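Listed here are the chains, written in short residue letters.
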Amino acid sequence: MPAPLSHLPRFFQVLASCLPAPLCPPLRTARTELCRSLHLAFRLASTHRRVVVLEPCQGPCEGRISVRLPAGVDWGCPPAVPLPPSLADSGWRDGRPRPITVMPQRRAAANVWFLHHGQEALCLRLELSGAVELLRYRPLLRAWTRC
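Residues numbered from 1 in each chain as written. Predicted model: local features only at pLDDT ≥ 70, side-chain atom pairs only at ≥ 80, totals over all residues. Heavy atoms only, no water.

Some remarks on the overall build of the chain
Turning to step 1, where the next piece is worked out: When its secondary structure is counted, the chain shows two helices and nine strands.
Turning to step 2, where the next piece is worked out: Along its sequence from the N terminus, the chain presents helices and strands in the succession α-α-β-β-β-β-β-β-β-β-β.
Turning to step 3, where the next piece is worked out: Counting the 147 residues in the chain, one finds 39% classified as buried.
Turning to step 4, where the next piece is worked out: For the chain, contacts bridging at least 24 residues in sequence account for 52% of all contacts bridging at least 6.
Turning to step 5, where the next piece is worked out: Carbon and sulfur atoms form 59% of the exposed surface of the chain, whose accessible area is close to 8,900 Å². (Helix = DSSP H or I, 4+ residues; strand = E, 2+ residues; numbered from the N terminus. Buried < 20%, exposed > 50% of the residue type's maximum accessible area, 1.4 Å probe, protein only. Contact = heavy atoms within 4.5 Å. Areas by Shrake-Rupley, 256 points an atom, 1.4 Å probe, with all protein chains shown as cover.)

Listed below in structure tokens is the structure:
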């Protein structure tokens, strides 16, 4: 018996999620910068046994790493993009990123950073344990996927 037509959109969504779709070049560069900066912050914190602060677009100074985004990439989650399901009930609403404090024991102040380029978006979630989750909003699927 053929599948009902009501299941076709979900079928195509699952199929599309299996297909690789590269990030646009500005978001790919931003993802690399985020990962590089976070790795550097954890490395410096453990090597020097001091707190390191990772913050968006600030001037460099001791104990702080500034994350700069490529042209066309903005901080925040666009209004047309829903929050990831894991953040839906978190109370997180504003788009401004707050500094991330990284401690020597591979721990961090939990934080969420969103950045976007047009309809594509990235979400960096950092837990207190230092675990990092990088999600990507795929407009074609209208869903968040692991990046």
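Okay, back to it.
As for the confidence of the model for the chain
Turning to step 1, where the next piece is worked out: Looking at the chain, pLDDT values average 82 and 80% of them are 70 or higher.
Turning to step 2, where the next piece is worked out: Within the chain, no element has a lower average pLDDT than helix α1 (residues 8–18), which sits at 62, and none a higher one than helix α2 (residues 25–48), at 92. (pLDDT = per-residue confidence, 0-100.)

Some points on the side chain of Glu55
Turning to step 1, where the next piece is worked out: As for its position among the elements, Glu55 is in strand β1 (residues 52–56).
Turning to step 2, where the next piece is worked out: Of the polar contacts made by the side chain of Glu55, one reaches the side chain of Arg64; its length is 3.1 Å.
Turning to step 3, where the next piece is worked out: Not counting chain neighbours up to four residues away, the residues in contact with Glu55 comprise Arg64, Ile65, Ser66, Val67, Pro99 and Trp113. (Polar contact = N/O pair within 3.5 Å; in protein donor to acceptor, adjacent residues only side chain to side chain.)

Quick word on the sheet that holds strand β5 (residues 107–108)
Turning to step 1, where the next piece is worked out: Pairing is mixed across the open sheet formed by four strands, whose spatial order is β2-β1-β4-β5. The outermost strands of the open sheet, each flanked by one partner alone, are β2 (64–67) and β5.
Turning to step 2, where the next piece is worked out: With four bridges connecting them, β1 and β2 associate as parallel partners. The residue of β2 that forms the bridge with Pro56 is Val67.
Turning to step 3, where the next piece is worked out: Most of the contacts of α2 go to β2, to which it runs at about 175°, and overall it touches β1, β2, β4 (100–103) and β5. (Pairing = 2+ DSSP bridges. Axes fitted to C-alpha atoms, helices over the stretch in contact; angles between N-to-C directions.)

A closer look at the packing of aromatic side chains
Turning to step 1, where the next piece is worked out: As enumerated under the stated definition, the model contains three aromatic pairs in all.
Turning to step 2, where the next piece is worked out: Ring geometry for Trp75 against Trp113: centres 5.2 Å apart, planes inclined by 80°, an arrangement best described as edge-to-face. With Trp75 in strand β3 (residues 74–75) and Trp113 in strand β6 (residues 111–117), this pair connects stretches of sequence that are 38 residues apart.
Turning to step 3, where the next piece is worked out: Overall, Trp75 belongs to the buried group, its relative accessible area being 13%.
Turning to step 4, where the next piece is worked out: On the basis of relative accessible area, Trp113 is assigned to the buried category, the value being 0%.
Turning to step 5, where the next piece is worked out: Ring pairing ties together the aromatic residues Phe114, Tyr137 and Trp144, which thus form one cluster.
Turning to step 6, where the next piece is worked out: Positioned above the aromatic ring of Phe42, the side-chain terminus of Arg106 is 4.0 Å from the ring centre. (Phe/Tyr/Trp six-rings, centres within 6.5 Å; stacked < 30°, edge-to-face > 60°. Lys NZ or Arg CZ within 6 Å of the ring centre and 35° of its normal.)

As for the state of the cysteines
Turning to step 1, where the next piece is worked out: Counted according to the given criterion, the structure contains zero disulfides.
Turning to step 2, where the next piece is worked out: There is no disulfide at Cys35, and the cysteine sulfur nearest it, in Cys147, is 7.6 Å away.
Turning to step 3, where the next piece is worked out: Cysteine Cys77 remains unbridged, with the sulfur of Cys123 as its closest cysteine sulfur at 7.7 Å. (Disulfide = S-S within 2.5 Å.)

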